[in-house]
Amino acid sequence: MNLKRLELVHFRNYHKSSYRFEPACIHCFYGNNAQGKTNLIEAIYFLSHLRSFRTSHIDSLTMHQKEWMSLSALIESHGHDEQLKIVVSQKKKHLFVYQDPVRRYSDFIGKLNAILFCPDDMLLFQQSPRSRRRFIDMELMKLSHTYTATLSHFQSLLKQRNRLLKQDDLDDLLLHTLTEQMIQDEMVIISQRAKFVKEWMDQSRLLYPFFSEQKEKIDATYQTFVEWDHLQENLKMAYEKSFEKDKQYRQTTYGIHKDDIVFLLNGRPIHEVGSQGQKRSFLLAMKLGLAQIIYEKTKQYPILLLDDVFSELDPRRQKQLIQHLPRSMQVFITSTEPIDKQWFQDRSVRFYHIEDGSLREV
Ligand SMILES: Nc1ncnc2c1ncn2[C@@H]1O[C@H](COP(=O)(O)OP(=O)(O)OP(=O)(O)O)[C@@H](O)[C@H]1O
């Protein structure tokens, strides 16, 4: 997959700019602090995920004193071009493919498939289970419409169930019907999440030795609230057991909305035992591993966004990262210093200087 053209209008500190990018090329952006490097990466990420990786306040993406912003992209996927556009106005997103409005987010997310690696990723190990579930869900949503539909159906059932549990004259029959339907969705979601984590780790494990000096073993497990064997019966039993507790607490106390992914270094949770360097190596292997499984599932690499990661990596890891970037993958890298051209060997690479929301090829 390639981003061939990007247009930003009133996006953060970009007034109105349009840029063309070479397919399968590494694009390096450098410039001083606060010039718009991360903003550019954020724009591409937003087109991919329909959300920012650094704010949940969508209005902060619009340039100060402006009423709206828009992002347009010409992408190439499996040899075909497609035009995507997002307009954000009064905190609402309006989506278009070519000129046609798109109503469902699921019909837009993942059309531009980008994966991001940024310094804040280190927080993934420490943050709440919710952010780890969200990470997995975003990736699965980009890969599967069935997953997106099932997850959204489950979330609406969960809301209904919680609303019901808050009522004084609780309808037991309705509660059981909703629970039955939730179990059906949960079976799909649990198996897809667990399968995805396994495949992801199988790839990441192969890449980890390139970024680590030691011979640690990395792994990740998907932890759900019931035992795996006889999943359906176990889910039923878990809900039956928790009915009274749910009624008492007036909310659904068990379910996949409490699941977690635990990342392990030599069998122990990495957030408890890992050094900063080990966590970075783990993340590098995870991000490139993710690109690899996306390639295996879709037969094309996603776009890789590397925001300010070079300042976090020692020269050996920087070099290993560049050398392990698949040749057909389009990459966008930001840094405060120009990156040494020799590191890219015979790879197609372009350099840009960013200043005050504007970029210039150098
Ligand atoms: N909504 C907005 N409207 C106008 N300017 C904005 C808006 N949001 C952020 N900015 C400006 O964008 C700039 C920050 O851009 P960005 O985060 O991309 O910096 P950067 O080049 O990645 O810097 P660093 O190297 O420090 O990470 C700041 O000057 C900030 O004031």
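The numbers attached to residues start from 1 for each chain and follow its sequence in the written order. Note on the predicted model: pLDDT of at least 70 is required for a residue's local features to be given, and 80 or more for side-chain atom pairs to be given and counted; whole-chain, interface and lining totals, by contrast, use all residues. Computation of side-chain values: all heavy atoms of the structure, hydrogens and water removed.

**Points about the pattern of salt bridges**
- Any carboxyl oxygen of Asp or Glu that lies within 4 Å of a side-chain nitrogen of Lys or Arg is treated as forming a salt bridge with it. Counted under the stated rule, the structure contains 24 salt bridges.
- For Asp-107, the salt bridge is made with Arg-104, and the minimal N-O distance between the two is 3.3 Å.
- Note on exposure labels: buried denotes an accessible area under 20% of the residue type's maximum, exposed denotes more than 50%, and partly exposed covers the range between, all computed with a 1.4 Å probe on protein chains only. The exposure class of Asp-107 is partly exposed, given its relative accessible area of 29%.
- The shortest N-O distance in the salt bridge between Asp-137 and Arg-193 comes to 3.1 Å. With Asp-137 in helix 2 (residues 129–143) and Arg-193 in helix 4 (residues 172–211), this pair connects stretches of sequence that are 56 residues apart. A run of H or I in DSSP becomes a helix once it reaches four residues, and a run of E becomes a strand once it reaches two; helices and strands are each numbered from the N terminus.

**Overview of the UniProt feature "binding site: ATP" (unreviewed entry) in the chain**
- UniProt positions are given in the numbering used here, feature names are shortened, and annotations may be inferred rather than shown by experiment. Within the UniProt annotation, "binding site: ATP" (unreviewed entry) is assigned to Gly-31, Asn-32, Asn-33, Ala-34, Gln-35, Gly-36, Lys-37 and Thr-38.
- Residue Gln-35 is classed as buried on the basis of its relative accessible area, which comes to 18%.
- Contacts are assigned to residue pairs that have any heavy atoms within 4.5 Å of one another. Apart from residues lying up to four places away in sequence, Gln-35 is in contact with Asn-13, Ile-354, Glu-355, Asp-356 and Gly-357.
- Within the fold, Thr-38 resides in helix 1 (residues 37–49).
- Thr-38 gets classed as partly exposed once you look at its relative accessible area, which sits at 22%.

**Regarding the environment of Thr-336**
- In this structure, Thr-336 sits in the loop between strand 13 (331–335) and strand 14 (349–354).
- When the C-alpha positions of Thr-336 and Lys-37 are compared, they lie 8.8 Å apart, and in sequence the two are 299 residues distant.
- What Thr-336 contacts, discounting residues up to four positions off in sequence, is Tyr-30, Gly-31, Asn-33 and Lys-37.

**Topic: the nonpolar core**
- With 71 residues, the main nonpolar core has Trp-200, Phe-263 and Leu-321 as its most contacted residues.
- Top contributing element to this core by residue count: helix 4, with 14 residues.
- Other than its neighbours up to four places away in sequence, Trp-200 contacts Phe-135, Ile-136, Phe-263, Met-286, Gly-289, Leu-290 and Ile-293.
- Counting 42 residues, the second largest nonpolar core, distinct from the first, contains Phe-21, Ala-43, Leu-305 and Phe-332. What makes a nonpolar core is a set of buried Ala, Val, Leu, Ile, Met, Phe, Trp, Tyr and Cys residues whose side-chain atoms join them at distances within 4.5 Å.

**Let's talk about the domain arrangement of the chain**
- As used throughout, domain bounds are those supplied by an automatic or database domain assignment. Domains assigned within the chain are domain 1 (1–113 + 302–362) and domain 2 (118–301).
- Between domain 1 and domain 2, the C-alpha centre-to-centre distance is 28 Å.
- Listed per partner, the contact involves 29 residues of domain 1 and 26 residues of domain 2.
- Two parts placed together each lose some accessible area; with a 1.4 Å probe, that loss summed over both constitutes the buried area. When the two sides are added together, the surface that domain 1 and domain 2 hide from each other amounts to roughly 2,600 Å², 60% of it contributed by carbon and sulfur.
- Summed over the shared surface of domain 1 and domain 2, the result is 1 salt bridge.
- A salt bridge links Arg-280 to Glu-312, with the shortest nitrogen-to-oxygen separation between them at 3.1 Å.
- We define a polar contact as two N or O atoms separated by no more than 3.5 Å, with the added condition that, inside protein, one atom must be a possible hydrogen donor and the other a possible acceptor, whereas residues neighbouring each other in sequence contribute only through side-chain atom pairs. One can count 12 residue pairs in polar contact (both at pLDDT 80 or more) joining domain 1 with domain 2.
- Looking at the side of domain 1 that touches domain 2, the elements that each hand over two or more residues are helix 1, strand 12 (303–307) and helix 8 (315–323).
- By residue number, the principal contributor to the side of domain 1 that touches domain 2 is helix 8, which donates 4 residues.
- Only Asp, Glu, Lys and Arg are considered charged in this grouping, and only Ala, Val, Leu, Ile, Met, Phe, Trp, Tyr, Cys and Pro are considered nonpolar; every other residue, Gly among them, is considered polar. In terms of residue class, the side of domain 1 that touches domain 2 is built from 12 nonpolar, 10 polar and 7 charged.

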